[in-house]
Amino acid sequence: MNTILVTGGAGYIGSHTVELLIEQGYDVVVFDNLFKGHRQAVHPKARLIIGDLLVPEQIQAVFDEYSIDGVFHFASHIMVPESMVKPWLYLRDNVVAASNLLEAAVSHNVKRFILSSTAALFDQPKQIPIPADEDVLPGSPYGESKAMIERQLHWMDEIYGLKSCCLRYFNAAGAHPNGHIGEDHDPETHLIPLVLKTALGQREKIVIYGDDYATPDGTCIRDYIHVMDLASAHVAAFEALADGKSRKYNLGTGTGYSIREVIDAARVVTGCPIPEAAGARRPGDLPILVADSQLIQSELGWKPKYPALEQIIETAWKWHRTHPNGFETVS
Ligand SMILES: NC(=O)c1ccc[n+]([C@@H]2O[C@H](COP(=O)([O-])OP(=O)(O)OC[C@H]3O[C@@H](n4cnc5c(N)ncnc54)[C@H](O)[C@@H]3O)[C@@H](O)[C@H]2O)c1
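Quantities reported herein were computed from a predicted structural model and do not represent experimental measurements.

Participant: How would you explain the sheet that holds strand β5 (residues 112-118) if you had to name every residue and give the values?
Facilitator: Ordered in space as β3-β2-β1-β4-β5-β6-β11, the seven strands form an open sheet in which the pairing is parallel. Each edge of the sheet is formed by a strand with only one pairing partner; in this case those strands are β3 (47-50) and β11 (247-251). Each neighbouring strand pair of the sheet contributes to a mean axis angle of 20 degrees, computed without reference to strand direction. Pairing of strand β1 (residues 3-7) with strand β4 (residues 70-73) involves four bridges; the strand directions are parallel. If you follow Val6 over to β4, its bridge partner there is Phe72. Along the sheet, helix α5 (residues 141-160) makes contact with β5 and β6 (163-169), crossing β5 at roughly 160 degrees. Of the strands in this sheet, β4, β5, β6 and β11 touch helix α7 (residues 227-240), which is tilted by about 160 degrees from β6.

As structure tokens, then:
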């Protein structure tokens, strides 16, 4: 049985991936400082180690104790706007955390590594949908930190033969179909949970930041990918790396939805009115970000299981409706 180390496995995407790994018979070690993650989000069959990647001895100790076959690296600061005001959390901490993890991994002869990378690598896309070989030109310290980690992975392969897969996610959304885990960020900045919190009456209205973009309804278009589809892409990537070839994939459904379409779909799914208000454009928001995921589909045979916006919102709604205060109410 392969043992996978999941950093950030108490967070949103990490915890869903842990569920899938356990379901598929993997042995899982979660390493998380619980700075943003939730102990209750971690599957009971996974071993949770509370530690910080910024402390090299703490992550080295995990590799000393367990025989790790692969690493899924989710742990990170994750907010683009925060990175514009606190750049060192990103340009230093995200990068140093990854360096400490990589040093521990290669010194224990680990050969497979999956990185949670991002569409924020592409600030000036020449083509939409964005193909995997688009130029990497980050528009924020957040995106830059992921680009720097991708470069570290290049050298880890050259020098130590560590094979990696960089998965550049577009907009992660949805929740486990059982509704027992889901998205619980603080602060929450992602559209679908904010819309659903408005449906629950926890927020007065949803603000649309800019409705005069060059898109059919004037609001920004994004590619929402279900969190369980991200999880299955990780497992497929881990298995594929056995062929000894590092790779990079863009990960979305290839279909974009506007902010207005998301709000309208949420009104249908929830049956709630969901008040909205117009706000000013946010600096740095691109009008359209949609992934071309052909490469991962053709090379790994990966396909999204929940491509429809309604499915994404329905699963998220099941989580939010039954856990209005997130993991706070889960013992
Ligand atoms: N959510 C998205 O839409 C999205 C899009 C693109 C990429 N990503 C990437 O996916 C990954 C996971 O995102 P998420 O939404 O699940 O975030 P999250 O905040 O829910 O999870 C991150 C987890 O990492 C842990 N962590 C952070 N720093 C740590 C450290 N130094 N040591 C140990 N643990 C630490 C946190 O406690 C948290 O549990 C991140 O790398 C993010 O950049 C997310």
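Participant: Can you explain the nonpolar core? Please cite residues and give values.
Facilitator: Membership of the largest hydrophobic core comes to 97 residues, with the highest contact counts inside it found for Val30, Leu167 and Leu251. Of the residues forming this core, the biggest block, nine residues, is contributed by α7. For this core, the domains that each give at least three residues are domain 1 (3-170 + 225-251) and domain 2 (191-222 + 254-329). When sequence neighbours within four positions are dropped, the list of residues in contact with Leu167 reads Ile114, Leu115, Ser116, Ser117, Ala233, His234, Ala237, Tyr249 and Leu251.

Participant: Give a detailed account of the domain arrangement of the protein, specifying residues and quantitative values.
Facilitator: What the domain assignment lists for the protein is domain 1 (3-170 + 225-251) and domain 2 (191-222 + 254-329). One C-alpha centre belongs to domain 1, the other to domain 2; they are set 24 Å apart. Listed by contribution, the elements that provide at least two residues to the side of domain 1 that touches domain 2 are β10 (224-226), α7 and β11. Per-element accounting of the side of domain 1 that touches domain 2 gives the leading share, seven residues, to α7. Looking at the side of domain 1 that touches domain 2 residue by residue, the class counts come to 16 nonpolar, seven polar and one charged.

Cut-off values and rules
- Residues numbered from 1 in each chain as written.
- Predicted model: local features only at pLDDT ≥ 70, side-chain atom pairs only at ≥ 80, totals over all residues.
- Pairing = 2+ DSSP bridges.
- Helix = DSSP H or I, 4+ residues; strand = E, 2+ residues; numbered from the N terminus.
- Axes fitted to C-alpha atoms, helices over the stretch in contact; angles between N-to-C directions.
- Contact = placed C-beta atoms within 7 Å.
- Core = buried A, V, L, I, M, F, W, Y, C linked by C-beta atoms within 7 Å.
- Buried ≥ 20, exposed ≤ 12 C-beta atoms within 10 Å, placed from the backbone.
- Domains from an automatic or database assignment.
- Nonpolar A, V, L, I, M, F, W, Y, C, P; charged D, E, K, R; others polar.

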